[in-house]
Amino acid sequence: MPSIQTRDFGEVPYEPSAELVFPCGIPGFENQRRFVLLTPEQIAPLVLLQSKDIAALAFLAIPVPILDPAYQSGIGSEDLHLLGFEERQPRPGEEAVFLAILAPGDGAALTANLLAPVVINARTGAAVQAVRHDRRYSHRSPVPRELLEQPCL
Amino acid sequence: MLVIRRRSGESVWIGDKVEVEILEIEGSQVKIGIRAPREIAVVRSEIHLTAEENRAASTLPQNAMDDLLRQIRTIRPRP
């Protein structure tokens, strides 16, 4: 099993299927295309998007269905094409993984970017940060503390 | 904020390198064209917000992860 040097958890082994390719990087990091999706149990239910090329670059994220079970997917057609889904919204869970990147909010709180979920084609590992065209969801959605204290599903 | 009224087909200049043209107005949507030098990034505001947010997310302070690990009280199902 391959392993990767992570920002927060030392050397971590991972399944090859956890390798992701962002063909256009993500906003602010357009040149970073190769990431690995890690699920260290210390941070469950959160996950870590670890850059494959820069050990110091990693993003903490939360699966969107955990934060908002009713989240309505709104991926633009260009992003759908990059993901290989063509003109149809993928079914979350089965075909696609939706993650919201977490950023520090006020104090110890974290906020999640539901305006721009990371969407992963579960079959191919192709990934994009699909920035919505509407303002239905905030780029700083609050993450309730209780979510971090819930039992694992 | 500077506010200028323009009609379809009219434009405004920002400095002497960037031109913003109103191409089409349809209901609540406006189609605009932007001519700018290559070195000026033109993105919709949602992408700009997300880039800022990603930069903040990537520089999670050193102690934030420790705080977070303290916050997370994962209750494992009993075997």
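The text that follows walks through the structure, step by step, so that each part is easy to find.

Digging into the nonpolar core
Nonpolar side chains in soluble globular proteins generally cluster together in the buried interior.
And then number 1: Counting 38 residues, the largest nonpolar core has L46, L48, L60, I62 and L102 of chain A as its most contacted members.
And then number 2: Mapped by element, the contributors of at least two residues to this core are β4 (34-38), β6 (58-63), α1 (64-67), α2 (77-83), β7 (96-104), β8 (110-112) and α3 (145-149) of chain A together with α2 (62-71) of chain B.
And then number 3: Among the elements that make up this core, the one with the highest residue count is β7 of chain A (4 residues).
And then number 4: Excluding anything up to four places from it in sequence, L102 of chain A contacts L46, L60, A61, I62, L110, T111, A112 and V143 of chain A together with A57 of chain B.
And then number 5: The next biggest cluster of nonpolar side chains, apart from the first, holds 18 residues, and it includes I26, L37 and L57 of chain A together with A57 of chain B.

Considering the pairing of strand β2 (residues 18-26) of chain B
All names here are of chain B.
And then number 1: Taken together, the 4 bridges between strand β1 (residues 11-14) and β2 define a ladder with antiparallel strand orientation. Among the inter-strand pairings, W13 is bridged to a residue of β2, identified as E19.
And then number 2: Between the end of β1 and the start of β2, which pair antiparallel, lie 3 residues, with G15 showing a positive phi angle near 65°.
And then number 3: Two strands pair when backbone bridges link them, and β2 and strand β3 (residues 29-35) are joined in this way by 7 bridges, in the antiparallel orientation. Residue V20 lies in a different strand from β3, and its bridge partner there is I34.
And then number 4: Counting the residues between successive antiparallel strands, the hairpin from β2 to β3 contains 2 residues, one of them, G27, with a positive phi of roughly 55°.

What counts and how
Residues numbered from 1 in each chain as written. Chains lettered and ligands numbered in written order. Predicted model: local features only at pLDDT ≥ 70, side-chain atom pairs only at ≥ 80, totals over all residues. Heavy atoms only, no water. Core = buried A, V, L, I, M, F, W, Y, C linked by side-chain atoms within 4.5 Å. Buried < 20%, exposed > 50% of the residue type's maximum accessible area, 1.4 Å probe, protein only. Helix = DSSP H or I, 4+ residues; strand = E, 2+ residues; numbered from the N terminus. Contact = heavy atoms within 4.5 Å. Pairing = 2+ DSSP bridges.

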